[in-house]
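# Fold and geometry: a report
Here are the chains, one letter per residue:
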Amino acid sequence: MSGPDMTPITVLVGSILPTSQGLPLVCILDKTPGNLARTCFWFELTSPDLTWEPQSTPPVDSNKGVCPRSHLFLRLHFALTSQCGPLRRAEDLLQEPCQQLAWCSPQLLTMAWGLPSSTSLVCFCQKLNRVKQLEESTTETSLQRCLATLDLTLLGVGATVGSGLYVLTGTMAKEMTGPAVLVSFSIAAMASLLAALCYVEFGARVPRTGSAYLFTYVSLGELWAFLIGWNELLGYLIGGASVARASSSYLDAIFSHRIRNFTMAHLGIWQVPFLAQYPDFLAAGVILLASTFVSCGARVSSWLNHVLLAINLLVILFIIILGFVLARPHNWSADEGGFAPFGFSGIMAGAATCFYAFLGFGVIAASSEEAQNPKRAVPMAIIITLGLVAVAYILVSTVLTLIVPWHSLDPDSALADAFYQRGYSWAAFIVAAGAICAMNTVLLSDIFTLPRIVYSMASDGLFFQVFAHVHPRTKVPIVGILVLGVLMAFLALLLDLQTLVQFWSITVLLTFTFVGTSIIVLRFDNSPPASSLGPAIPVGTEQASAPEPGQLRPALRPYLGFLGGCRPGAAVAWALGVLVSSAITLDCVLVFGTSALHLPPWGHTLLLLLSSVVFLLSLLVLWAHQQQHREDAFQVPMVPLTPALSILLNVFLMLQMNYLTWLRLSIWLLIGLMVYFGYGIWHSKENQREMLGLTAIRGGLEEMAQALQPLSQALAQEPGHTEQHASA
C-alpha cells in the first residue's frame, strides 16, 4: 500500500518591509498541486510579542525549519487525501503542527485562501484612511513660483470682500438680524480666526497646492480628504456663479435694468423650482471672460486682481467715511425696532449665513505652491487678510444701518440704495462701480483657486487625470480652468443661486471643522508629513531621549498610569473621537434641547452638563500627551484648546442651517462617494505606491523560495517525516 502524496508548504517570517508598527511580515508559499495561481499570500503580525531574534531557536521543532540570520524558514508537510478539501487540509496543516504560532489562525487562512474575513475588512478600512506621503522637498513644482507676500494678501482680500459686503449685509440686516448684523459678522470673524490659525500652521508646514484638501490628506486620510476636496469643488462653483449673478445685477442696475427687461421680454419668465426667472447671459459672459484672463497665467490674473482690488478698497473707504457722516443713531432705537429685532437666534443664524464671506484666506493656502517663499508669505498673508476683511465687514455693516432704518433696505443692492434714499445718487453710482469691481475680484479668485484644488486631487490620482495637465508655457492647470469655468458659467446662466447660499456656508464650515481636527492629529502624530522644515521635537524639551509625540507626558505618568499602558497614539485617537462626538452632542443640546428634542428642564441641564464634562475631559486627556514642537514655523497656540473651540463653534453654526441644506449636502456627499469608490480609490497614487511595494516583496519572497526549493525537497525525503505523516 503506497503512502500518501507529500507536498511541502513553506512559511517565511522576516523583517522584509517596514510596517506601521515595525512588525515583521509572514508569507505562505503554497506549493500544492492545482494552486500554482495562489503562489504567495502575506500578512502582518499583529503583536510584537510574536517576534523573536534571528539567532534564537524558533518556537517549533528544530528539524522542521532552518533559521539563518535574517529570516526564519519553516517547512511543514501535510498529506493529500481524497477525503479532504483543500481548505480543510490547510486548516489541519497550520493548526495542528504549529498551534503556538499566532499567524496560524483561521482568520489568516481565510485571508490566504481568498475568502472574506474581518482582516480583509480592516485592510480595506486602512486603504480609506491612508495618508499622503510627501516628498522630502516640498519646493519642487510644475507651477510657476511668482507670488510675493503682497500678491497673496491682495489675492486673499480680493477673494473675501465681494458679494458678502455689497449684497449679503443688506439681506442679513433686513431679514435676519437688523442692526445686530455687525455682531453676526464679529462672531463669524472670530470663528474664522480660529480656523485661520489652523490654516497658517498647515500653510507653513505643508506649502503645497490643495488647501484644506491637502491638509486633511496628510493627517486624517484619503477618504476624508477626497470628501473635503469634493465639498470645496461645489463650494467654489456655487460661490463663483452667485458672485457673477450679483455682479450682473449691479451692472444691470446702472443701465436701469434694461438687460433684464430685454431678456424677460424675449424669453419669458421661468417658473421652475431652483431655476432663475430668466437666463443670465451677462453673468455667464463675465465668468467666461474671467476664465480667459486666469488661463493666461498667475502673473496676468494677479495684475488684474490688483487693479480691481485697488478700486474696491477706495470705494470701501469712501462708504465708511461718508456713512459715518450721514449716520443717524436713531435708526438703532426702539422706535425703529431696536438693535436686535430678531433676537439671539437671528444673530446666530446670520453668523452662520455670512460665514462664507470669510472664505478668502483659503485661496492663499491653495496658491502656496506658486508663492516665492511659502513658509513666510502664506502665514503673513492669511493673518493680514483676515484682519483687514473683518474690520471692513464690521464697519460697513455698522454704517449701513445707521444711514437708513434696517427695515427700509433693498436686499439686492443695499449699500447703493441706502445712499440713494438719502439723496446721494452720485454716491450710489460710485458704490455700484465698486461693487462690480469687488465681485469680479472674488470671481477671479474663485476661478484661480478651484482648478488648483482639482489639480492637486488629480495629481494624487483621486480625480480624473486630465485635470492634472499643466500648460507648458503659462504653467497653469489649463484643462481645469476651461472645464470648470464653463460649468460655473452654466450654473450662473440657469440656476437661482439665492437658495444655495446656505449650502455654500455649510461646505465652508465643514471644511474648517476638518482642518481643526487635522491640526490636532498632526500635532500629536509621531510621524509628521515630510517637509523641508526639519525634524520636530517634543514640546518642552530639547533632549533626544524625550518621549515621542502621542505618548503620555512623563510628569503625569504617576497620576495617569492607566493611559501609559496604551500604545503611542491610541489614547489620543480615542480622546479626539470623544472630543468631536461630545462637541456635536453639546451643540445639539444647545440648539435643539428645548425645541426639537422637547427635553424637560432637568433633562436639558443634565445633558448639557454631561456633554460639557466629557468635552473637557477629552481636552485634558489630549493635553496630557506629548506634542510636536517646531522652532522654525508658526504653530497654533493653546493646542488642543484652540482647534477644539473651532470645531465646537463650527458645528454650532452648521446646526443653524435648515434641513434642506443638510439634505443637499448629503446628496452631494453621496455623489462624491460614488466618484471615489468608482475611480479615486483605484487610481490613487498612494494605492499605486503600495502595489509597487507589494510587487517588490512578492518578487523577493519568490526568489528566496526558489533558492530554498532544493533544501525543501531534501527534507521532504527524510524517512522520519514520511513515516510520521504516513502513520497519521
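Figured I'd write up the structure that's included with this text. (Residues numbered from 1 in each chain as written. Predicted model: local features only at pLDDT ≥ 70, side-chain atom pairs only at ≥ 80, totals over all residues. Heavy atoms only, no water.)

## Points about the nonpolar core
Stated formally: For this analysis, a nonpolar core means a set of buried residues of the types Ala, Val, Leu, Ile, Met, Phe, Trp, Tyr and Cys, connected via side-chain atoms within 4.5 Å. Residue burial is assigned from relative accessible area. The probe radius is 1.4 Å, only protein chains are included, and a residue is buried under 20% of its type maximum, exposed over 50%, and partly exposed in between. Strands here mean DSSP runs of E at least two residues long; helices mean DSSP runs of H or I at least four residues long; both are numbered from the N terminus. In this analysis, two residues are considered to be in contact whenever any of their non-hydrogen atoms come within 4.5 Å of each other.
If you look at the biggest cluster of nonpolar residues, it comprises 176 residues, and the most contacted ones within it are Tyr166, Phe358 and Leu653. For this core, the element with the highest residue contribution is helix H16 (residues 425-459), accounting for 19 residues. Apart from the residues lying within four places of it in its own chain, the contact partners of Tyr166 are Tyr250, Asn312, Val315, Ile316, Ile319, Ala414, Leu415, Val431, Gly434, Ala435 and Ala438. Leu556, Leu563, Ala571 and Ala624 belong to the second-largest nonpolar core, a separate cluster that totals 5 residues.

## Examining a nonpolar patch on the surface
The line we're drawing: Exposure above 30% relative accessible area and no salt bridge define the residues that can form patches, which grow by joining like charges within 9 Å and nonpolar side chains of Val, Leu, Ile, Met, Phe, Trp and Tyr within 5 Å. We get accessible surface area from the Shrake-Rupley algorithm with a probe of 1.4 Å; when it comes to residues, only the shown protein chains can shield them. Think of a salt bridge as a Lys or Arg side-chain nitrogen and an Asp or Glu carboxyl oxygen that are within 4 Å of each other.
On the surface, Ile254, Phe255, Trp426, Phe429 and Ile430 cluster together to form a nonpolar patch covering roughly 480 Å² of accessible area. Here the nonpolar patch takes 3 residues from H16, the largest share from any one element. Looking at the element boundaries, Ile430 is found in helix H16.

## Concerning the pattern of salt bridges
Oppositely charged side chains may form a pair once their charged atoms are brought near each other. Taken as a whole and assessed by the stated rule, the structure comprises 3 salt bridges. Residues Asp460 and Lys132 are paired through a salt bridge, measuring 2.6 Å at the closest nitrogen-oxygen approach. Here Asp460, found in the loop between H16 and helix H17 (478-494), pairs with Lys132, found in the loop between helix H3 (118-128) and helix H4 (149-160); they are 328 residues apart in sequence, far enough to count as distant. Judged on exposure class, the residue Asp460 and its partner Lys132 are both buried. With a shortest N-O distance of 2.8 Å, Arg523 and Glu201 are connected by a salt bridge. With Arg523 in helix H18 (residues 501-524) and Glu201 in helix H6 (residues 181-205), the pair connects residues that are 322 residues apart, well separated along the chain. Residue Arg523 is classed as buried on the basis of its relative accessible area of 4%. Relative accessible area serves as the criterion here: at 0%, Glu201 is assigned to the buried category.

## Some remarks on the packing of H4 against helix H11 (residues 298-325)
Convention followed: Each axis is a line fitted through C-alpha atoms, and for a helix only the stretch in contact is used; angles between axes span 0 to 180 degrees, taken between their N-to-C directions. Comment on the angle field: the value is read as roughly parallel under 35 degrees, roughly antiparallel over 145, roughly perpendicular from 65 to 115, and oblique elsewhere. Here a crossing is called left-handed whenever its near helix is offset anticlockwise from the far helix by less than a right angle, and right-handed whenever the offset is clockwise.
Relative to each other, H4 and H11 sit at 60°, their axes nearing to 9 Å. Judged on the interaxial angle alone, H11 and H4 are oblique. Of the two elements, H4 crosses H11, and the hand of that crossing is left-handed. Each of Asp151, Leu154, Leu155, Val157 and Gly158 in H4 lies in contact with H11, whose residues at this interface are Arg299, Ser302, Asn305, His306, Leu309 and Leu313.

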